[in-house]
Amino acid sequence: MNDTWTPDEHGDERPSNHSANPHFEDILAARIDRRGILRGGLVAAIGGLFSTSILSSGMFPGSAKADAGSTLLGFKPVSVGLSDAIVVPEGYRADVLIPWGEPIAGNFPAFALENSADDQAQQIGSHHDGMHFFPIDGSAEDGLLVLNHEYVEPRFMHASMVGGEYDSEGVLIVDGKRDADAVRKEANGHGVSVVRIKKQADGAWAVVRDPLNRRVTALTPMTISGPVGGSDFAKTKYSPDGTMTRGTINNCANGFTPWNTYLTCEENWAGYFRNGDTADQKPDLPREQERYGVPTGEGRYAWELAAGAPDEFVRFDVSVKGATPADDYRNEPNGFGWIVEIDPFDPASVPVKRTALGRFAHEGLVFAPVVEGRPFVAYSGDDARFEYIYKYVSNAPYAAATANGSLLDDGTLYVARFNADGSGDWLALKFGENGLTAENGFASQADVLVNTRLAADHVGATKMDRPEWGAVDPRNGAVYFTLTNNTRRTQVQVDPANPRAANAFGHIIRWTEDGGDQAAPRFAWDLFVIAGDKNQSKTFAGHALGEDSIFACPDGLWFDADARLWIQTDIGESEQNKGALEPFGNNQMLCADPNTGEIRRFLTGPVGQEITGIAMSPDQRTMFINVQHPGATTTAEGFKAGTLSSRWPDGGAAYPRSATVVITKLDGGVIGS
Ligand code: FEO
Ligand code: CA
Ligand code: CA
């Protein structure tokens, strides 16, 4: 998209897939003609309902055609929530830990709205998202919690903005400039926190002031590894040899490796940049910016306008200014859109951008269980409307004794095609294969990866309804992915894998790889659940969701070790508790039994937030989840008048803060049991 950046739902990317890949209207037509599989189901699919044949093909081991009587789910469901609080089932407690601004490192500056940029660099960042708990010495009560900070809400983070007005970026721009310390504070509010936490004698968890505690921010130096590292695409004024960049931004969901490192995923990064280049009085952006929607007006927070023109912020204006790429920041966006590996146990380690995993709006990365001597496999969704689902297969076999991050530099990236008959194909994004050749405009593997979306368009991937988190069933390798919503899908664009036009509620798709081989080139898929209210939902077992299970906009998705499937929702702040989304209340977390399809609501959150990020202690007796952007439903007028929609978690007159929530069972039992 070349039009001026306007804030969409907390920075979600607007559609930029203009490829001619089939939306399945042709496939659907062919399916009626040749197989007639859908028959009644076709009318249903086109009418916004669903085909039972798509909902269950019976290929999931242990999947019974019933959705009651789960022995996995042992808790009493909670009601839809409207209160400005966390609500958990009877017999559970929920405690707030590490809200934005909690000091964790350096000289531990106490939280205050007046905190400087330097203070923020020693405190927990904002807008908590994906997260993982790394036990220390195998402990279930002592470990490193590592979490993403997806973005910031400047109006809630600067004392100078209290009760005032702000411009369309949600920031203050005075005489065409932004206050440099405010910009730096926002940059330091992004990234990742590594924080040691420990269970105390009274059962509560607390921060440990440990030398392993660390902040990684939008300014931290990082290496660019894999095929794009050192290529012409990565050369900038900061790194003329193309091996380095600064920072990670819009870190949404996450992953973790079998070799005990953390993976943070760059999602809606494109909007942070701006490119004012024109030709014939029209925007003139290179394809590796245009296909990702780099704005032509101001960047998301107008960081490029930082007063005094510090180089670390000048780089967000990626217009051509110098004689060569090493003289300006035209290539700066090519350092973003990646998955970044961080070793939480080495605070001096330099984070690494692993380019072989592809460049797109990465939601997260989920590993299938590794098998000694076999390549490992990991999955990642591109969360934008009509984008794709990817799988990475390492070239080298996995060996526990020697495995390390280099396995993420050398592998094959595939993109998914969901066929109408319930089969699927993984299409390799490999230079020289599947038409990814010089004749078709691809010069190298680095080119294929920098332009992952274009390569995926070219091989004919299936356009999905905003792929968010994936999760792999630890018992059988079945892969589940949330497709959060896509209200822009039209009737004619409906397909069996994305069966609803104007899909406001989302669904969860799943598949098994052929022959139980996670690296297989083909798979078989069905839909686990189509979300919605009682009249517009269905589980694979054929039942509608009920009072205890209705939900919309699935986003976070995670299997615990007992194969409970946890589902977190993200109804956008402009939609919450309104219109068709009104029945679902505040964003929530549910738990599903993948065998029976039963779903029960486990938790509801405060006002204006989304529930996202999930981790557990290895004994499954402590669960960590994140509450992101409480109070985001506050209007500009309400902000000015001091009538905020949420005061969570501090209450009183405090501004709302994102925070982690620790969930335990009063009897000390396994969460969810
Ligand atoms: Fe940051 Fe796709 O949610
Ligand atoms: Ca998300
Ligand atoms: Ca989301």
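Thresholds applied
- Residues numbered from 1 in each chain as written.
- Chains lettered and ligands numbered in written order.
- Predicted model: local features only at pLDDT ≥ 70, side-chain atom pairs only at ≥ 80, totals over all residues.
- Heavy atoms only, no water.
- Salt bridge = Lys/Arg side-chain N within 4 Å of Asp/Glu carboxyl O.
- Buried < 20%, exposed > 50% of the residue type's maximum accessible area, 1.4 Å probe, protein only.
- Donors = N, O, S within 2.8 Å, 3.2 Å for Na, K, Ca; no water.
- Helix = DSSP H or I, 4+ residues; strand = E, 2+ residues; numbered from the N terminus.
- Contact = heavy atoms within 4.5 Å.
- Polar contact = N/O pair within 3.5 Å; in protein donor to acceptor, adjacent residues only side chain to side chain.
- Phe/Tyr/Trp six-rings, centres within 6.5 Å; stacked < 30°, edge-to-face > 60°.
- Lys NZ or Arg CZ within 6 Å of the ring centre and 35° of its normal.
- Pairing = 2+ DSSP bridges.
- Axes fitted to C-alpha atoms, helices over the stretch in contact; angles between N-to-C directions.
- Core = buried A, V, L, I, M, F, W, Y, C linked by side-chain atoms within 4.5 Å.
- 1 Å grid on protein atoms, 1.4 Å probe; cavity = no way out; pocket = protein on both sides within 12 Å on 5 of 7 lines; lining within 4 Å.
- Points joined across faces, edges and corners; volume = space filled by probe spheres on them.
- Nonpolar A, V, L, I, M, F, W, Y, C, P; charged D, E, K, R; others polar.

Attention now moves to the pattern of salt bridges. Two side chains carrying opposite charge are able to pair once their charged atoms lie near each other. All chains considered together, the criterion is met by 39 salt bridges. Lys430 is the partner of Glu433 in a salt bridge, and the nearest nitrogen-oxygen pair spans 3.9 Å. Judged by its relative accessible area of 35%, Glu433 is partly exposed. Under the relative-accessibility criterion, Lys430 is labelled partly exposed at 35%. Its salt-bridge partner being Arg657, residue Asp650 comes within 2.9 Å of it at the nearest N-O pair. In this structure Arg657 comes out as buried when scored by relative accessible area, which is 10%. In this structure, a network of salt bridges that share partners links the residues Arg291, Asp382, Glu387, Arg453 and Asp457.

To continue, consider the coordination of the calcium ion (ligand 3). Each donor-metal-donor angle in an ideal tetrahedron of four donors is 109.5 degrees, and each such angle in an ideal octahedron of six donors is either 90 or 180 degrees. Within the protein, Glu468 (OE), Asp555 (OD) and Asp570 (OD) serve as the donor atoms for the calcium ion (ligand 3), at 2.3 to 2.5 Å. The sequence pattern formed by the donor residues of the calcium ion (ligand 3) is E-x86-D-x14-D. A separation of 3.6 Å is found between the calcium ion (ligand 3) and the calcium ion (ligand 2), both of which receive a donor from Glu468. Note that Glu468 is positioned in strand E22 (residues 467-472) and Asp555 in strand E27 (residues 554-559), a separation of 87 residues in sequence.

Burial analysis of helix H5 (residues 180-189) places eight of its 10 residues in the buried class, the great majority of the element. Looking at H5, one finds that the buried residues are Ala180, Ala182, Val183, Lys185, Glu186, Ala187, Asn188 and Gly189. Packing partners of the buried residues in H5 comprise helix H4 (117-120), strand E3 (142-149), strand E4 (191-199), strand E6 (214-216) and helix H7 (311-314). Measuring from the backbone nitrogen of Asp181 back to the side-chain oxygen at the start of H5 gives 3.3 Å, which picks out Asp179 as the cap. One or two positions beyond H5, positive phi appears at Gly191, with a value near 100°.

With that settled, the discussion passes to the packing of aromatic side chains. Here the structure, examined in full by the defined rule, presents 40 aromatic pairs. A centroid spacing of 6.0 Å and a plane angle of 45° characterise the contact between Tyr379 and Trp426, whose relative ring orientation is tilted. Of the two residues, Tyr379 sits in strand E16 (residues 377-381) while Trp426 sits in strand E20 (residues 423-428), which places them 47 residues apart along the sequence. Look at Tyr379 and you get buried, because its relative accessible area is 0%. Through a chain of ring-to-ring contacts, three or more aromatic side chains come together here, namely Tyr272, Phe273, Tyr301, Trp303, Phe313, Phe316 and Phe336. Here the basic side chain of Arg246 rests over the ring of Tyr238, its NZ or CZ set 4.0 Å away from the ring centre. Directly above the ring of Phe540 sits Arg510, whose terminal nitrogen or CZ lies 4.4 Å from the centroid.

What follows concerns the sheet that holds strand E7 (residues 221-225). Strand pairing within a sheet occurs via backbone hydrogen bonds; the two strands may be parallel or antiparallel. Strand order in the open sheet formed by six strands is E8-E7-E14-E13-E10-E9, with mixed pairing between adjacent strands. In the strand order of this sheet, the two ends are held by strand E8 (244-246) and strand E9 (251-256), each with one partner. On average, each strand axis in the sheet is tilted by 35° relative to the strand beside it, whichever way the strands run. Relative to strand E14 (residues 352-354), E7 runs parallel, the two sharing three bridges. Across the sheet, Ser225 pairs through a bridge with Arg354, a residue of E14.

Structurally, Ser617 can be placed in the loop between strand E31 (610-616) and strand E32 (622-628). Each C-alpha atom, one on Ser617 and one on Leu565, is 16 Å from the other, the two residues being 52 residues apart in sequence. Those residues in contact with Ser617, other than ones at most four positions away along the chain, are Phe133, Ala140, Thr622 and Phe624. A polar atom in the side chain of Ser617 sits 2.6 Å from the side chain of Asp619.

A word on the nonpolar core. Within the largest apolar cluster, 66 residues are counted, with the highest numbers of intra-cluster contacts made by Ile249, Trp303, Val415 and Leu429. Taken together, the elements giving at least two residues each to this core come down to H5, strand E10 (262-266), strand E18 (389-394), strand E19 (411-418), helix H8 (445-450) and helix H9 (452-459). Looking at this core, the element that brings in the most residues is H8, giving four residues. Every residue in contact with Trp303, bar those within four places of it in the chain, is listed here: Arg178, Val183, Glu186, Ala187, His190, Ala218, Ile249, Tyr272, Phe313 and Phe316. Counting residues in hydrophobic clusters, the runner-up holds 51 residues, among them Ala253, Ala478, Trp648 and Ala659.

If you add up the space inside the largest pocket, you get close to 860 Å³. Every residue lining the largest pocket is counted, 40 residues in all, and those nearest its centre are His132, Phe256, Phe367, Trp558 and Phe559. Breaking the lining of the largest pocket down by element, the ones donating at least two residues are strand E2 (128-135), E9, strand E15 (366-367), E16, E22, E27 and E31. For the lining of the largest pocket, the residue count by class is 27 nonpolar, 11 polar and two charged.

Of all eight residues that make up H9, six are buried, and the element is covered over most of its length. Buried within H9 we find Thr452, Arg453, Ala455, Ala456, Asp457 and Val459. In this fold, the buried residues of H9 make contact with strand E17 (385-387), E18, E19, E20 and H8. Looking at the residues trailing H9, positive phi occurs at Gly460, about 90°.

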